[in-house]
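Structure at a glance
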Amino acid sequence: MTIRLYNTMTRKLEEFKPLVPGKMGFYTCGPTVYWDAHIGNMRTMVNSDIIKRVFIENGYDVTHVMNFTDVGHLTSDGDTGDDKMEKGAARENMSVWDVAQKYIDGFLYDMDLLNNIKPTVMPRATDHIAEQIAQVQKLEALGYTYKIPGDGIYYDTSKFAAYGALGGQKLSDLRGGARIDDSGKRNSTDFALWKFSPTNEKRQMEWDSPWGVGFPGWHIECSAMSTKYLGTHFDLHVGGQEHAKVHHSNEIAQSEPIVGAPWVSYWMHFEWLMLKDGKMSKSAGTAYTVRNLVERGYDPMAYRYLLLQSHYRQPLEFSFESLDAAVAGYKNIVRKIADLMTADNIGELDSGVYNIWHNKMLTIVSDNIKTAETLVVVQELLKDASVNPATKLALFEFIDRLLGLQFIDRAKKLVDLEQQSAPDDIVVLAQQRAEAKANKDWTTADSLRAQIDAAGWTVLDSKDGYKIVKKA
Ligand code: AMP
Ligand code: ZN
């Protein structure tokens, strides 16, 4: 099937052509592990996961690399301010290393709650210092770097003619009117490749380098680690929308002089999850984690369902009202699947019908990851009385692989809950009644219903089966 993706670099929808037939390698800029990832960060991770699932269902062998930034990310997102990791350590009175581990564990826990497939490789920046130093040395040998004494080794963006192309900025706009501050940078867009440790304090994370003791700049880790695990050229690079203008532009500037252009075939950027009044904020207590949603009684799948009802290129406004609506929509689908599972006559899988619906959904989602439109087809499928329960259930196995919404799992749990809540003897009576009905033995069916009734239970029939509920 054709896969089309919106490529930020060309600003066009493009047909995906792999570098190696049948394979797809991609890189997601992962979390900075100084604090919990909030549900906005996790929107980006769900988007990555859906892309991966779309390629897998199209038969690709996917390699997915997602990094953990555990050093070098300064609070300004530029090259000034405190180190986020050191700040996290001071806040929690822990070592930087323990803080990193704590938030890596928490992040992986939330990834699991959201049913995101684990990335193939999850490299940590601090485990790849040698690779980062080697890359800076190559840039130095090619003449792209300069030193700001007492500060660090910087990348001279004026040396890279294509700088800013990803963010849609022209060099003249970027530099023309930009006032150069007194930081010692030659151009306002220049950025640190290696920062020197301060002379008056000892950092918890610092390493020897050809330029002196210090730590890597934030951007170099992604250039070094993506290339290490995906090769010098790879298919796709993704991240939150804010990365196009700075972080990813810097990654390109660091990589293409060494490996040649284009380093990456396709770039995708995800819009953010927002609140009515703006960004999620830790200090305002609105940076909810997936675990916070679970503590409030929400199924993480309802949150995933909410996310998939929007397109990744649209900002999404989060509210508990919209989450409640998603819960209702999600439960409704689960209810219908549970009814299919307990239907009297499930029928047999009709592969012709299966293929039609399978291809319809895969075609839609493969066209720039249209998850919302795919979910509309899911509703149409449930409504279509001409598709028998066995075929619908098989299609839901596919839908779960594609969208990761765990419909079948939740429906099974619902069926178990409803059936197990009645004592065994009642479940047996209800089964006998269903058999009697199937044999059109109405007298036995009626008498069994009366027995169930007398014991305080009711059998509710639906067109697809029955359920046993306690009498109010
Ligand atoms: P960070 O830990 O801040 O480096 O962010 C990790 C990832 O989450 C990056 O790819 C960001 O672009 C992305 N991100 C940050 N905030 C949001 C948000 N509100 N909605 C969606 N993605 C976000
Ligand atoms: Zn990155």
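In short, a report on the structure. Position labels on residues start from 1 in each chain and follow its written sequence. Following the order in which they are written, the chains are lettered starting with A and the ligands numbered starting with 1. Two thresholds apply to this predicted model, a pLDDT of at least 70 for residue-level local features and 80 or more for giving and counting side-chain atom pairs, whereas whole-chain, interface and lining totals are computed over all residues. Only heavy atoms go into the side-chain values, all of them from the structure, while hydrogens and water stay out.

Section: the overall build of the protein chain
A run of DSSP states H or I qualifies as a helix once it reaches four residues; a run of E qualifies as a strand once it reaches two. Both are numbered from the N-terminal end. The helix and strand tally for the protein chain stands at 16 helices and 14 strands. The principal-axis extents of the C-alpha atoms in the protein chain amount to approximately 95 × 50 × 35 Å. If you take every contact in the protein chain between residues at least 6 apart in sequence, the share linking residues at least 24 apart comes to 74%. Shrake-Rupley sampling with a 1.4 Å probe provides the accessible areas, and residues are treated as covered by the protein chains on show and by no other component. Surface accessibility of the protein chain: about 20,700 Å² in total, with carbon and sulfur atoms responsible for 51%. Think of it this way: Lys and Arg go in the positive column, Asp and Glu in the negative one, and His and the chain ends go nowhere. For the purpose of locating charges, the reference atoms are NZ of Lys, CZ of Arg, CG of Asp and CD of Glu. Once the 53 positive and 62 negative side-chain charges of the protein chain are each reduced to a mean point, those two points are 3 Å apart. Any two residues whose heavy atoms approach within 4.5 Å are treated as being in contact.

Regarding the site of ligand 1
To be near a molecule or strand, a residue needs just one of its heavy atoms within 4 Å of it. What surrounds ligand 1 is a group of 13 residues, the closest being Thr32, Gly40, Thr44, Glu242 and Leu273. Residue asparagine 41 places a side-chain N or O atom 3.2 Å away from an oxygen atom belonging to ligand 1. Considered on its own, ligand 1 offers 490 Å² of accessible surface; in the complex 91% of this is hidden by protein. Here the term cavity refers to a set of points on a 1 Å grid, laid over the protein atoms alone, in which a 1.4 Å probe fits but cannot get out; the term pocket refers to an open set having protein on both sides within 12 Å along at least five of seven lines, with lining residues being those that place an atom within 4 Å of a point. To qualify as sitting in a cavity or pocket, a molecule needs more than half of its atoms within 2 Å of the grid points. The cavity that encloses ligand 1 is the largest pocket. A total of 3 residues in the shell around ligand 1 trace back to one element, the largest contributor, which is helix H1 (residues 39-57). Any residue outside Ala, Val, Leu, Ile, Met, Phe, Trp, Tyr, Cys, Pro, Asp, Glu, Lys and Arg is labelled polar, Gly included; the first ten of those are nonpolar and the last four are charged. Of the residues belonging to the shell around ligand 1, the class tally is 4 nonpolar, 8 polar and 1 charged. In the analysis that follows, any N or O atom pair within 3.5 Å is treated as a polar contact, provided that within protein one partner can donate a hydrogen and the other can accept it, and provided that, for residues neighboring in sequence, both atoms belong to side chains.

Description of the pairing of strand E3 (residues 23-28)
Exposure is judged per residue with a 1.4 Å probe applied to protein chains only, and the accessible area is read against the type maximum: over 50% gives exposed, under 20% gives buried, and values in between give partly exposed. Along E3, 5 of the 6 residues are buried, which leaves the element largely enclosed by surrounding structure. Pairing between two strands requires that DSSP report at least two bridges joining them. One ladder, built from 6 bridges, connects E3 with strand E4 (residues 61-66); its direction is parallel. Looking at E4, one finds that phenylalanine 26 is bridged to histidine 64. Of the crossover connections in this fold, the one passing from E3 over H1 to the parallel E4 is right-handed. As paired elements, E3 and strand E9 (residues 234-240) share 3 bridges and run parallel to each other. By the criterion used throughout, a crossover qualifies as right-handed when its path from the first strand across the helix to the second strand runs clockwise, the strands pointing away from the viewer.

Points about the environment of lysine 276
Along the chain, the position of lysine 276 falls in the loop between strand E11 (273-274) and helix H8 (290-295). Relative accessible area serves as the criterion here: at 69%, lysine 276 is assigned to the exposed category. Each C-alpha atom, one on lysine 276 and one on threonine 374, is 27 Å from the other, the two residues being 98 residues apart in sequence.

Focus: the coordination of the zinc ion (ligand 2)
Note on metal geometry: ideal angles are 109.5 degrees for four donors arranged tetrahedrally and 90 or 180 degrees for six donors arranged octahedrally. Donor atoms (N, O, S) are those found within 2.8 Å of the metal centre, with the cutoff raised to 3.2 Å for Na, K and Ca; water is not part of the atom list, so apparent gaps in a site can occur. Distances from the zinc ion (ligand 2) to its protein donors, Cys29 (SG), Cys222 (SG) and His247 (NE2), fall within 2.1 to 2.2 Å. Each donor residue of the zinc ion (ligand 2) lies on the same chain, and together they follow the pattern C-x192-C-x24-H. Residue cysteine 222 is located in helix H6 (residues 220-230), and its partner histidine 247 is located in helix H7 (residues 247-259); the two are separated by 25 residues in the primary sequence. The exposure classification of cysteine 222 matches that of histidine 247, with both residues buried.

Regarding the sheet that holds strand E6 (residues 152-155)
Strand order in the open sheet formed by 4 strands is E5-E6-E7-E8, and the pairing between neighbours is antiparallel. Of all strands in the sheet, those with a lone pairing partner are strand E5 (145-148) and strand E8 (214-216), marking the two edges. Pairs of neighbouring strands in the sheet enclose a mean axial angle of 25°, with direction left out of account. Inspection of the sheet shows E6 paired to strand E7 (residues 191-196) by 4 bridges, in the antiparallel sense. To obtain each axis, a line is fitted to C-alpha atoms, and for helices this fit is confined to the stretch in contact; angles are then taken between N-to-C directions over 0 to 180 degrees.

Overview of the layout of surface pockets
Grid points are joined across faces, edges and corners, and a volume is the space filled by probe spheres set on the points. Looking at the largest pocket, its volume works out to about 900 Å³. Taken together, 36 residues form the lining of the largest pocket, with Tyr34, His38, Asn41, Lys84 and Glu242 sitting closest to its centre. Residue assignment for the lining of the largest pocket shows that the elements contributing at least two residues are H1, helix H2 (84-92), E9 and E11.

Some details on the nonpolar core
Take the buried residues of types Ala, Val, Leu, Ile, Met, Phe, Trp, Tyr and Cys, join any two whose side-chain atoms come within 4.5 Å, and each joined set is a nonpolar core. With 122 residues, the main nonpolar core has Tyr303, Phe318, Phe396 and Phe407 as its most contacted residues. Considering every element that reaches this core, the biggest residue donor is helix H10 (residues 320-341), with 10 residues. Ile426, Ala430, Trp457 and Ile468 belong to the second largest nonpolar core, which has 12 residues in total.

Notes on the environment of threonine 342
Along the chain, threonine 342 falls in the loop between H10 and helix H11 (351-366). Residue classification places threonine 342 among the buried residues on the basis of a relative accessible area of 15%. When the C-alpha positions of threonine 342 and isoleucine 50 are compared, they lie 30 Å apart, and in sequence the two are 292 residues distant.

As for unusual backbone geometry
That bond from alanine 261 to proline 262 is cis: its omega, -10°, falls within 30 degrees of zero. One non-glycine residue, lysine 440, lies in the positive phi region at around 60°. Within the element layout of this structure, lysine 440 appears in the loop between helix H15 (424-438) and helix H16 (442-454). A relative accessible area of 60% places lysine 440 in the exposed class.

Description of H6
The buried fraction of H6 amounts to 9 of the 11 residues, a majority that puts the element mostly inside the structure. Here H6 has its buried residues at Ile220, Glu221, Cys222, Ser223, Ala224, Met225, Ser226, Thr227 and Leu230. Once H6 finishes, glycine 231 follows within two positions and takes phi at roughly 95°, a positive value.

Quick word on the packing of aromatic side chains
Ring pairs shown here join Phe, Tyr and Trp side chains whose ring centres sit within 6.5 Å, with only the six-membered ring taken for Trp; geometry is labelled stacked below 30 degrees between planes, edge-to-face above 60, and tilted in between. Taken as a whole and assessed by the stated rule, the structure comprises 21 aromatic pairs. Plain terms: the ring middles of phenylalanine 68 and phenylalanine 107 are 5.7 Å apart, the flat faces sit at 90° to each other, and that makes the pair edge-to-face. Remark: phenylalanine 107 occurs in helix H3 (residues 96-113) and phenylalanine 68 occurs in the loop between E4 and H2; sequence separation between them is 39 residues. For phenylalanine 68, a relative accessible area of 3% translates into the label buried. Judged by relative accessible area, phenylalanine 107 falls into the buried class, the value being 2%. By definition here, charges over rings are those cases where NZ of Lys or CZ of Arg is within 6 Å of the ring centre and within 35 degrees of the ring normal. The ring of tyrosine 6 has arginine 313 lying over it, and the distance from NZ or CZ to the ring centre is 3.5 Å. Taking the ring centre of tryptophan 357 as reference, the NZ or CZ of lysine 360 above it sits at 5.3 Å.

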